[in-house]
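# Commentary on secondary and tertiary structure
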Amino acid sequence: MEVHVSNQQTPNTGTNLDPWYSNYADRAAGLSVSEVRALFAVASRPEVVSLAGGMPAVSALPQDLVVTAMNRVMRDEGSIALQYGSGQGVPRLREHILEVMAMEGIRGSVDDVVVTTGSQQALDLVTKLFINPGDVILAEAPSYVGAIGVFRSYQADIVHVLMDDDGLIPDALREAIAREKSAGKSIKFLYTIPNFHNPAGVTLTASRRDEVMQICRSEGILVIEDNPYGLIYFDGPPPAPMRSTEDEGVIYLGSFSKTFAPGFRVGWAIAPHAIREKLVLAAESAILCPSAFSQLVISEYLETADWRAQINTFRGVYEERKNTMLQALNEYLPDLHHTNPDGGFYIWLTLPDYLDTKQMLPRAVKELVAYTPGTAFYADGGGRNKMRLSFCYPTPDQIRLGIRRLTTVINGEIDL
Ligand code: PMP
């Protein structure tokens, strides 16, 4: 498995089996196989317990609810569902997105919402709008592997900012901004996942949210608040999103992938007015319009099914899985530090400094367990002794078995 972890762009020269190798644009050098993607092939073998991917537990969504919504859409609005539509998204769904957003304390008008093909596309569009090669993007250390991939593909300079169990550290943010500015770099935005972080599993505290906003406001730095997991909380809701207190300096990204189903590929961005217009133009140039069929099925589902109860069901499923993983970690690997997420899909495990989770992975797969090595979540080669453990997809029994197998692998590596 070949995996690039360096932030440096490789030149498009040299020999390669691809006859077009030397023709690619420079930005294509940032497109390399992500460690997560390369893992999927191995981890999807049925005998392997995969704690690697972040796949939602779609089996907890009754399929008849989806079938009913699809049938109604085709019966009543088939000609609209099968047609091209608005580049900004169908107004009916944008209304519903505002209802979902109101649950998180965000108010806005339907004009502020841009529907995208998953929040992944919103990340791509925002980066396309703002990043020239070499521009700085500030991102937590670690950060979402799919965002790092997008940022690299636009040749951004990704600068990591330290976090702890309370999320991004404001002093570390101040230092990073001062350092990059004094080096003459142009900082375009802060990318942050404040709730149930992927991969770290931590949540930014309310007071730090205020502080981060204050720093970014005074430094003139735009905030990209990526919040696909905010409604998947266990004990109680996380602190209010940054977008709920600040309209002008924040682009908020949301998604139906975790509260409904990722297969429909529907997410959204809520952006300041001027940026929103640019986002729509960029979306139109990328895909003309998001899928009308997907948007109408989700609208129908939200109108006719008890989607709030369904989100509660998801919460229960994920909380049970998290508790199982936590219990197994405490029982089998009591000396290792791990995070304890209040929601979302992930636990971040720290091994002794001298261990390398990427090198350890083939041995883990031999023991029939897979995880994502920490380096996948850093643009600078960091995270060697860390790993992300996903509890979202495997059943509780599989999780226990997976952690037992992982313990065998780790104990075989640790100097006792
Ligand atoms: N942001 C984060 C932090 C994620 O974890 C994910 C999915 N794993 C995404 C964005 C993309 O989600 P989607 O495109 O399915 O909305």
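Cut-off values and rules
Residues numbered from 1 in each chain as written. Predicted model: local features only at pLDDT ≥ 70, side-chain atom pairs only at ≥ 80, totals over all residues. Helix = DSSP H or I, 4+ residues; strand = E, 2+ residues; numbered from the N terminus. Rg over C-alpha atoms; globule rule 2.2 N^0.38 Å. Contact = placed C-beta atoms within 7 Å. Core = buried A, V, L, I, M, F, W, Y, C linked by C-beta atoms within 7 Å. Buried ≥ 20, exposed ≤ 12 C-beta atoms within 10 Å, placed from the backbone. Expected span 1.5 Å × (residues − 1). Arc of directions from axis to C-beta. Near = placed C-beta within 6 Å. Nonpolar A, V, L, I, M, F, W, Y, C, P; charged D, E, K, R; others polar. pLDDT = per-residue confidence, 0-100. Pairing = 2+ DSSP bridges. Axes fitted to C-alpha atoms, helices over the stretch in contact; angles between N-to-C directions. Parallel < 35°, antiparallel > 145°, perpendicular 65-115°, else oblique. Left-handed = near helix turned anticlockwise from the far one by under 90°.

A count of helical and extended segments in the protein gives 12 helices and 14 strands. A compact globule built from 416 residues would reach a C-alpha radius of gyration of about 22 Å, and the protein, at 21 Å, matches this within 12%. Along the three orthogonal principal directions, the C-alpha set of the protein runs to about 65 × 55 × 55 Å. Taking the contacts inside the protein whose residues are at least 6 apart along the sequence as the reference set, 76% of them involve residues at least 24 apart.

Our next topic: the nonpolar core. Val 114, Ile 137, Leu 138, Ala 269, Ile 298 and Leu 389 are the most contacted members of the largest nonpolar core, which has 111 residues in total. The leading source of residues in this core is helix α9 (residues 292-304), at six residues.

What follows deals with helix α6 (residues 170-182). If you check α6, its first and last C-alpha atoms are 18 Å apart, about what 13 residues at 1.5 Å a residue would give, namely 18 Å. Among all positions of α6, only Leu 173, Ala 176 and Ile 177 are buried. Within α6, the buried residues cover an arc of 100 degrees as seen down the axis, which keeps them to one side. Within α6, the exposed residues directed more than 90 degrees away from the buried face are Asp 171, Ala 178, Arg 179 and Ser 182.

The next point concerns the site of the ligand. Surrounding the ligand, one finds 14 residues, the nearest of these being Gly 118, Ser 119, Gln 120, Ser 255 and Ser 257. Tallying contributions element by element places helix α4 (residues 118-130) first for the shell around the ligand, with three residues. Among the residues forming the shell around the ligand, the class breakdown is four nonpolar, nine polar and one charged.

Once that is clear, we can look at helix α2 (residues 63-81). Given a rise of 1.5 Å per residue, 19 residues ought to cover 27 Å, yet the end C-alpha atoms of α2 are separated by just 20 Å, more than 12% below that figure. Within the span of α2, buried status applies to Val 66, Ala 69, Val 73 and Ala 81. Considering only its buried residues, α2 is in contact with α9.

It is worth spelling out the confidence of the model for the protein at this point. As a note on interpretation, predicted positions should not be read in detail where pLDDT is low. On average, residues of the protein score 93 in pLDDT, and 94% of them are at 70 or above. Residue range residues 1-14 is modelled with pLDDT below 50. Its contacts to residues more than four positions away, or to other chains, number 23 contacts. Overall fold confidence (pTM) sits at 0.94, and the ipTM for the predicted complex is 0.99.

Turning next to the pairing of strand β7 (residues 222-226). Of all five residues that make up β7, four are buried, and the element is covered over most of its length. Relative to β7, strand β6 (residues 187-192) is paired through four bridges, and the arrangement is parallel. Bridge pairing in β7 links Phe 189 to Leu 222.

As a further point, take the environment of Val 49. One can find Val 49 in strand β1 (residues 49-50). For Val 49, a count of 26 C-beta atoms within 10 Å gives the class buried. Sequence-wise, Val 49 and Arg 400 are 351 residues apart; in three dimensions their C-alpha atoms are separated by 9.7 Å. Those residues in contact with Val 49 that lie beyond four places of it in its chain are Leu 368, Val 369, Pro 394, Gln 398, Leu 401, Gly 402 and Arg 405.

Time to look at the packing of helix α11 (residues 357-366) against helix α12 (residues 396-413). Between α11 and α12, the shortest axis-to-axis distance is 9 Å and the interhelical angle comes to 130 degrees. Relative to α12, the element α11 lies oblique. When you trace α11 past α12, the crossing you get is right-handed. For the pair α11 and α12, contact is made by Met 360, Arg 363 and Ala 364 and by Leu 406, Val 409 and Glu 413, respectively.

Moving on to the sheet that holds β7. Strand order in the open sheet formed by eight strands is β2-β9-β8-β7-β6-β3-β4-β5, with mixed pairing between adjacent strands. Each of the sheet's edge strands pairs with one partner strand only, and the pair in question is β2 (113-116) and β5 (167-168). Alignment of β7 against strand β8 (residues 250-255), held across four bridges, turns out to be parallel. From the neighbouring strand, Ile 224 faces β8, where its bridge partner is Ile 251. Lying on the sheet, α6 is in contact with β3 (136-141), β4 (157-164), β5 and β6; it crosses β4 at an angle near 160 degrees.

Our focus in this paragraph is the environment of Asn 330. Summarising the element assignment, Asn 330 is placed in helix α10 (residues 307-332). For Asn 330, a count of 13 C-beta atoms within 10 Å gives the class partly exposed.

The next subject is the sheet that holds strand β11 (residues 346-350). Reading across the sheet, the four strands line up as β10-β11-β14-β13 and stay open at both edges, with antiparallel pairing between neighbours. Each edge of the sheet is formed by a strand with only one pairing partner; in this case those strands are β10 (337-338) and β13 (372-373). Here two bridges tie β10 to β11, and the two strands are oriented antiparallel to one another. Looking at the pairing, His 337 lines up with Thr 350 of β11.

With that out of the way, let us pick up the pairing of β8. The element β8 is extensively covered by neighbouring structure, given that six of its six residues are classed as buried. By the alternation rule, side chains of β8 split into Val 250, Tyr 252 and Gly 254 and Ile 251, Leu 253 and Ser 255, which are all buried. Where β8 and strand β9 (residues 267-270) come together, four bridges link them in antiparallel fashion. Bridged to Gly 254 within β9 is Trp 268.

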